Amino acid sequence: MPTRLPRRMAALALASTLSLGTAAGAEGVDLSTMTPEQRELFRAEVRAYLLDNPEVIMEAVNALESRQAEQQAQGDVQLVQDHAEALFDDGYSYVGGNPDGDITIVEFSDYRCGYCRKAHPEISELIESDGNIRIILKEFPILGEASTTSSRFALATLLEAGPEAYKTMHDALITLQQDPTEPVLRRLATTLGLDADAILARMGDEEITRRIDDTRALARDMQINGTPSFVFGDQMLRGYVPLDAMRQVVEELRSEG
């Protein structure tokens, strides 16, 4: 009769095999040398142990998720370093907040994205209340034709009327409830005191196409496939993040600084 493996040892051996991808288990158990009978017994012991101690499954899942998150964070830091110039100094993206701030935030957003709209007042509050944050806005239209139209109109405003007008237009477009048809955009520009005809005429500029294409290429290289996405210093935050969490990230960056 084969020697029975203690259930704890069997579970540890299985966890080691699953997480490390090796044939060697825990505490000297070598799964590759088991006979078919021993292997069958091992499986039965693991099953029995997990049924008696189901919390072990969650412990393993939590440990795996923690390890994956750490690996993702380390990879993201490298991505930010590799693309620092395109992120922080591309020469054309809008730069706001405090231009000499000790923390730089880069935001990739889409005007038709519901979570971008939810994040907008919170990121604005963060920058205004902090007073020492530099913000860079990246036009990243990924949700269809209306998104692209809105981004082209915003960038046409930047080319035609400058950064201050662009920021005003950006804030208006992110809260716009109507489809960005020409009459709607014309009315919006006029309401903001801008030359609607001149801005609409600039929407087809090749420079606008280049900027949007470059941002899409940057996002692809940085494995960004959704909005909103943020770069806080050397960290990436993928998706919507509440104001309190953003403040915590800023505090952590300063404490590391």
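Residue numbers run consecutively from 1 along every chain, following the written order of its sequence. The predicted origin of the model limits local features to residues at a pLDDT of at least 70 and limits the giving and counting of side-chain atom pairs to 80 or more, whereas totals for whole chains, interfaces and linings rest on all residues. As a rule here, side-chain values cover all heavy atoms of the structure and leave hydrogens and water aside.

A. Up close: the pairing of strand β3 (residues 133-139). Exposure categories follow from relative accessible area, calculated using a 1.4 Å probe and restricted to protein chains: below 20% of the type maximum is buried, above 50% is exposed, and the middle band is partly exposed. Going along the chain from the N terminus, every DSSP run of H or I of four or more residues is numbered as a helix, and every run of E of two or more is numbered as a strand. In terms of burial, β3 is a largely internal element, seven of the seven residues being buried. Across the two faces of β3 the burial is the same, with I133, I135, L137 and E139 and R134, I136 and K138 all buried. Note that strand β2 (residues 103-109) and β3 share seven bridges and pair parallel. Bridge pairing in β3 links S109 to E139. Note: two strands are recorded as paired if DSSP finds a minimum of 2 bridges between them.

B. Expanded view of the pairing of strand β4 (residues 229-232). On β4, burial covers both faces: S229 and V231 on one face and F230 and F232 on the other are all buried. Taken together, the four bridges between β2 and β4 define a ladder with antiparallel strand orientation. Looking across to β4, one finds that V106 is bridged to V231. The pairing of β4 with strand β5 (residues 235-238) spans four bridges and is classified as antiparallel. Bridge pairing links S229 to R238 in β5. Counting the residues that bridge the hairpin from β4 to β5 gives two residues, and of these G233 lies at a positive phi of roughly 60°.

C. Quick look at unusual backbone geometry. Here the bond from T227 into P228 is cis, since omega is -10°, no more than 30 degrees from zero. For P228, the position within the fold is in the loop between α10 (206-221) and β4. The phi angle at Q223 is positive, at roughly 60°, despite the residue not being glycine. Looking at the element boundaries, Q223 is found in the loop between α10 and β4.

D. Spotlight on empty space enclosed by the protein. Residues are said to line a cavity or pocket when one of their atoms sits within 4 Å of a point; the points come from a 1 Å grid over protein atoms alone, cavities being sets where a 1.4 Å probe fits but cannot get out and pockets being open sets with protein on both sides within 12 Å along at least five of seven lines. Grid points are joined across faces, edges and corners, and a volume is the space filled by probe spheres set on the points. All told, the structure shown has one cavity of 30 Å³ or more when counted by the stated rule. Roughly 70 Å³ of internal volume is contained in the largest cavity. Lining the largest cavity, in full, are Y92, S93, Y94, L137, E139, L155, L158, Y166, R211, I212 and T215. Contributions of two or more residues to the lining of the largest cavity are made by β3, α6 (145-161) and α10.

E. Local environment of the packing of aromatic side chains. Any two of the Phe, Tyr and Trp rings considered here, Trp counted by its six-membered ring, make a pair once their centres fall within 6.5 Å; the pair's planes then place it as stacked at under 30 degrees, edge-to-face at over 60, or tilted in between. Evaluated as defined, the whole model comprises four aromatic pairs. Relative to F232, the ring of F230 has its centre 6.0 Å away and its plane inclined at 75°; by these criteria the two rings are edge-to-face. Since its relative accessible area comes to 0%, F232 is described here as buried.

F. Structural view of the packing of α6 against α10. One way to put it is that α6 packs onto α10 with a least axis distance of 10 Å and a crossing angle of 120°. Classified by the interaxial angle, the pair formed by α6 and α10 is oblique. Note that α6 runs across α10; the crossing there is right-handed. From α6, T148, S151, R152, L155, A156, L158 and L159 reach across to α10, where they touch E207, I208, T209, R211, I212 and R216. Lys, Arg, Asp and Glu make up the charged group, whereas Ala, Val, Leu, Ile, Met, Phe, Trp, Tyr, Cys and Pro make up the nonpolar group; the residues left over, Gly among them, are polar. Tallied by class, the residues present in the contact of α6 with α10 amount to six nonpolar, three polar and four charged. To get an axis, fit a line to the C-alpha atoms, keeping to the stretch in contact for a helix; angles then go from 0 to 180 degrees between the N-to-C directions. Here roughly perpendicular refers to angles of 65 to 115 degrees, roughly parallel to angles under 35, roughly antiparallel to angles over 145, and oblique to all remaining angles. Two helices crossing with the near one rotated counterclockwise from the far one by less than a right angle form a left-handed crossing, whereas a clockwise rotation gives a right-handed crossing. The contact definition used throughout considers only heavy atoms, calling two residues in contact when any of these lie within 4.5 Å.

G. Region of interest: the nonpolar core. Grouping buried Ala, Val, Leu, Ile, Met, Phe, Trp, Tyr and Cys residues that are joined through side-chain atoms within 4.5 Å yields what is termed a nonpolar core. Counting residues in each nonpolar core, the largest one holds 45 residues, and the members touching the most others are I105, I123, L126, F153, Y166, L173 and F232. Ranked by residue count, the leading element in this core is helix α7 (residues 163-174), at six residues. Listed in part, the 14 residues of the second largest apolar core include L79, V80, F108 and V231.

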